[in-house]
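# Secondary and tertiary structure notes
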Amino acid sequence: MTVRTLFLKKNTLKILDQWLLPSKIYYITCRTYKDVYQCIKDMAVRGAPAIGVAAGYGMYLASVEKKFKNVSELKKYLQIAGKYLVSARPTAVNLFWAVERMKRIVRSPESGVRSLRKNLLQEANKIYYEDISINKKIGENGAKLIKKNSTVLTHCNAGALATAGWGTALGVIRTAYKKGKIKLVYVDETRPYLQGARLTSWELQQEKIPCVLITDNMAGYFISQKKVDAVIVGADRIAANGDTANKIGTYTLAVLCKYNKIPFYVAAPSSTFDLMITDGKKIKIEYRNSDEVIFINGKRIAPVGVKALHPAFDITPNNLITAVITEKGILHPPYIKNLKKSLSYNEQILFL
Ligand code: MRU
């Protein structure tokens with residue numbers, strides 16, 4: 001895909017406004033960390049890895065958005081910026097992980113403002129480029145699980161737009177398609193933000209990957225009709241036991257897969273694991289404004305005064321997940337044991 005989710009330009013962060021897709025390609029210019037915070041909160045940029053990458057650059061912007069008398073003043077400002085950025089959205093752990101990586105740079109002994117800025121820029125760029133290469137590895141690993149001539153179903157958008165590039169679940173689909181393994185992709189529209197309808201089908205169309213858009217409540221019908229060989233989704237946070245938080249509606253799909261005996265795969269970078277969290281019950285679920293359910297494109301679709309609820313994510317228990325695909329390989333149950341084995345000592349420390 002040629003359209004970039006975000007990029008740095010002359011000390012500003014350009015963020016593709018995903019609310020306007022697919023009809024308009026427009027980049028919001030962020031000059032301060034608060035601008036980045038707003039883009040994450042309002043979901044102009046969304047998807048766990050992408051908001052992590054954005055927050056990394058948000059920390060860098062904080063270091064250049066004003067003058068600092070000395071390095072300790074800069075470090076204090078960065079602490080405030082970090083705290084603010086992580087409050088934008090609560091569920092995707094990549095946001096916390098990326099800010100923590102930037103804070104490690106802040107904590108390192110550094111004598112000057114200029115060199116700290118340079119190191120922050122280096123780290124933010126590293127998070128960005130690493131994300132793309134990690135996604136390509138996830139794609140390669142995941143494609144091994146896809147049988148020739150498969151029809152797969154995906155939920156939400158775990159594509160290039162949800163990451164620095166390539167995508168996680170959609171990265172697997174892209175790679176598998178290039179290997180001639182994908183016949184068709186069913187795309188859940190993903191109410192209420194419509195990530196599937198607006199973003200995933202757009203990405204697939206650009207790549208000329210055959211896809212068909214369905215409403216979320218049609219998935220059960222097509223799965224029961226044996227039209228789907230596997231379901232692949234992304235993740236916002238994976239607990240140490242493999243319980244996975246992802247876009248609302250994911251759990252329903254996992255139950256459908258179990259009942260209909262088809263594989264249910266989660267594709268995510270290892271930065272999406274949160275080993276501090278033992279199981280899914282402890283993952284904080286973001287509740288968003290109920291107006292996002294009541295209105296579509298600014299048009300009210302429910303009666304005035306009706307109450308609505310909008311949990312943005314749900315938890316899929318590990319026993320419904322056939323495998324978790326990461327850049328390090330394919331993890332099978334028991335996740336708690338296999339997950340720890342797959343991470344290096346340094347990576348484990350980073351999560352703790
Ligand atoms: O609310 P969103 O659009 O940020 O939710 C996105 C998802 O749930 C994705 O599936 C997840 O972040 C993985 S993206 C590679």
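Data block above holds the structure.
To keep things clear, this report deals only with the structure shown in the data block. These numbers come from a predicted model, not from an experiment. (Residues numbered from 1 in each chain as written. Predicted model: local features only at pLDDT ≥ 70, side-chain atom pairs only at ≥ 80, totals over all residues. Heavy atoms only, no water.)

### Side note on the site of the ligand
Taken together, 19 residues surround the ligand, and among them R89, Q195, D236, N246 and K247 come closest. A distance of 2.8 Å separates an oxygen atom of the ligand from a polar atom in the backbone of A48. Note that an oxygen atom of the ligand is positioned 2.8 Å from one of the side-chain N or O atoms of D236. In isolation the ligand offers 410 Å² of accessible surface; the protein chains occlude 100% of this area. Those elements that place two or more of their residues in the shell around the ligand are α2 (48-64) and β9 (244-247). Both domains that furnish three or more residues to the shell around the ligand are identified here as domain 1 (6-136) and domain 2 (137-351). (Near = heavy atom within 4 Å. Polar contact = N/O pair within 3.5 Å; in protein donor to acceptor, adjacent residues only side chain to side chain. Areas by Shrake-Rupley, 256 points an atom, 1.4 Å probe, with all protein chains shown as cover. Helix = DSSP H or I, 4+ residues; strand = E, 2+ residues; numbered from the N terminus. Domains from an automatic or database assignment.)

### Overview of the environment of A230
Within the fold, A230 resides in strand β7 (residues 230-233). Separated by 78 residues in the primary sequence, A230 and V152 place their C-alpha atoms 4.9 Å from one another. Residue contacts for A230: discarding those within four places in its chain leaves T151, V152, L153, I262, P263 and Y265. (Contact = heavy atoms within 4.5 Å.)

### As for helix α7 (residues 195-206)
Between its terminal C-alpha atoms α7 stretches 16 Å, which fits the 16 Å expected from twelve residues at 1.5 Å a residue. Among the twelve residues in α7, nine count as buried, and that is most of the element. The set of residues buried in α7 consists of Q195, G196, R198, L199, T200, S201, W202, E203 and L204. Buried residues along α7 sit against β4 (150-154), α6 (169-178), β5 (182-188), β6 (211-214) and β9. One or two positions beyond α7, positive phi appears at K208, with a value near 60°. (Expected span 1.5 Å × (residues − 1). Buried < 20%, exposed > 50% of the residue type's maximum accessible area, 1.4 Å probe, protein only.)

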